[in-house]
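Residues per chain, in single letters:
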There are 2 protein chains.
Amino acid sequence: MNSELMRGATETIILKLLNERAMYGYEIIKQVNERTDNAFAWKEGTLYPCLHRLEGAGVISGEWRDGDAGKARKYYLLTHKGRALAGEKAAEWTAFSSAMNTLMLQPDQATA
Amino acid sequence: MNSELMRGATETIILKLLNERAMYGYEIIKQVNERTDNAFAWKEGTLYPCLHRLEGAGVISGEWRDGDAGKARKYYLLTHKGRALAGEKAAEWTAFSSAMNTLMLQPDQATA
DNA sequence: TGACATACCTAGCAACACGAGGTAACATCT
DNA sequence: AGATGTTACCTCGTGTTGCTAGGTATGTCA
């Protein structure tokens, strides 16, 4: 997958997932990759810096929870601000993909 | 419009338009803005560097043509390589937006 | 013990959209 | 003639951000 297209979408996806339920970082990566059948192949280097940016911006907040048996995990939740932003980002994606499709779905040159 | 989402899409759009017909730079800007009802608001700083990258990569080729009455215009055409890439980029967008929608169209948390 | 998965993290690089600026020709209005 | 606006080309610098490549540490299983 073209990594440049991923730009700006990372944040949108994270906010969408956290709007479903609280998740920890590693889980977000697995979810994204599984749900997209590895069309998206996120690595830690993509996610963690973005999570920290979002936390720094007061959009999400992390809290450590003991795992059932495994290691401690840092769960992230949307703040009030985050819920609003999740909605905006989702709308932004809708508008963007709609505009893109307006352009991309035009008929091509006739190859007589 | 979130400019980060534009990343990687610029090239895709240019190739799509040039696959319809030869256009000059200024015309491409106008076309993109008009067709998307200014949802995309391209400026020269977005387009020209990208055109030059594509030309340098042998994907498009520019030729000066005298305008009917106005200034000379540099029309760009897809090369053979460019036509192939236009197809790849279009497919890439389809795959990307499909994966995105898989993620984005899931139901959100029940707000009981 | 070794190997692997889980789970967190960071530093540095590369790509690229955009703002802001510049040049020049032509049209229109006063 | 002069001023203004549009067309049409260009470039430099900045900021953002995804990714590669590395690191740490715990738990599991053979």
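Heads up: the structure comes first, above all this text.
**Focus: the overall build of chain A**
Secondary structure summary: chain A contains four helices and three strands in total. Moving toward the C terminus, one meets the helices and strands of chain A in the order α-β-α-α-β-β-α. Each principal axis of the C-alpha distribution contributes one length, and for chain A these read about 65 × 30 × 20 Å. Long-range contacts, defined as pairs at least 24 residues apart, comprise 47% of the intrachain contacts of chain A with a sequence gap of at least 6.

**Description of the interface of chain B and chain A**
Each partner contributes residues to the interface: chain B has 31 residues there, and chain A has 31 residues. Secondary-structure elements contributing two or more residues to the side of chain B that touches chain A are α1 (9–20), α2 (25–35) and α4 (80–104) of chain B. Examining the composition of the side of chain B that touches chain A, we find that 11 residues originate from one element, α4 of chain B, more than from any other. The residue makeup of the side of chain B that touches chain A, split by class, is 15 nonpolar, eight polar and eight charged.

**Structural notes on the protein's contact with DNA strand C**
Surrounding DNA strand C, one finds 29 residues, the nearest of these being G25, Y26 and E44 of chain A together with G45 and T46 of chain B. For the surface near DNA strand C, the secondary structure elements donating two or more residues are α2 (25–35), α3 (44–56) and β3 (73–78) of chain A together with α3 (44–56) of chain B. Looking at side-chain class alone, the surface near DNA strand C contains nine nonpolar, 11 polar and nine charged residues.

**Here's the deal with the sheet that holds strand β1 (residues 23–24) of chain A**
Sheet strands pair via backbone hydrogen bonds, and the direction of the pair is either parallel or antiparallel. Residues and elements named next belong to chain A. Pairing is antiparallel in the open sheet, where three strands are placed in the order β1-β3-β2. Single-partner strands in this sheet number two, and they are β1 and β2 (60–65). Looking at chain direction, β2 and β3 are connected through six bridges and run antiparallel. Bridge pairing in β3 links S61 to L77.

**Concerning unusual backbone geometry**
All names here are of chain A. Positive phi is not limited to glycine here, since D37 has a value of about 55°. With respect to the helices, strands and loops of the structure, D37 is situated in the loop between α2 and α3. By the C-beta count within 10 Å, which is 9 here, D37 ends up exposed. The backbone phi angle of N38 is positive, close to 65°, even though this residue is not glycine. With respect to the element layout, N38 can be found in the loop between α2 and α3.

**A look at the packing of α1 of chain B against α3 of chain B**
Residue and element names in this part refer to chain B. The N-to-C vectors of α1 and α3 enclose an angle of 75°; their axes lie 10 Å apart at closest approach. In this view, α1 runs roughly perpendicular relative to α3, as classed from their interaxial angle. On the side of α1, the interface is formed by T10, E11 and I14, while α3 contributes T46, C50, L51 and L54. Here the contact of α1 with α3 is composed, by residue class, of four nonpolar, two polar and one charged.

**A closer look at the relation of the copies chain B and chain A**
Once chain B has been moved 0.0 Å along the axis and rotated by 180°, it coincides with chain A to within an RMSD of 0.0 Å. Interpreted geometrically, this transformation is the action of a two-fold axis. Both copies contact each other with a shared surface, as 100% of the interface residues of chain B are interface residues in chain A too.

**Comments concerning helix α4 (residues 80–104) of chain A**
Between its first and last C-alpha atoms α4 of chain A spans 36 Å; for 25 residues at 1.5 Å apiece the expected length is 36 Å, and the two agree. Here α4 of chain A has its buried residues at G82, L85, A86, K89, W93, F96, A99 and M100 of chain A. Taken together, the buried residues of α4 of chain A touch α1 (9–20), β2 and β3 of chain A together with α1 and α4 of chain B.

**Structural notes on the packing of α2 of chain A against α3 of chain A**
Residue and element names in this part refer to chain A. Contact pair α2 / α3: the axes reach a minimum separation of 10 Å and the direction vectors enclose 130°. By the angle between their directions, the pair α2 and α3 is classed as oblique. The two elements α2 and α3 cross, and the hand of that crossing is right-handed. Along the contact surface, α2 presents G25, I28 and I29, while α3 presents E44, L47, Y48 and L51.

How each quantity is defined
Residues numbered from 1 in each chain as written. Chains lettered and ligands numbered in written order. Predicted model: local features only at pLDDT ≥ 70, side-chain atom pairs only at ≥ 80, totals over all residues. Helix = DSSP H or I, 4+ residues; strand = E, 2+ residues; numbered from the N terminus. Contact = placed C-beta atoms within 7 Å. Nonpolar A, V, L, I, M, F, W, Y, C, P; charged D, E, K, R; others polar. Near = placed C-beta within 6 Å. Pairing = 2+ DSSP bridges. Buried ≥ 20, exposed ≤ 12 C-beta atoms within 10 Å, placed from the backbone. Axes fitted to C-alpha atoms, helices over the stretch in contact; angles between N-to-C directions. Parallel < 35°, antiparallel > 145°, perpendicular 65-115°, else oblique. Least-squares fit on C-alpha atoms with pLDDT ≥ 70 in both. Expected span 1.5 Å × (residues − 1). Left-handed = near helix turned anticlockwise from the far one by under 90°.

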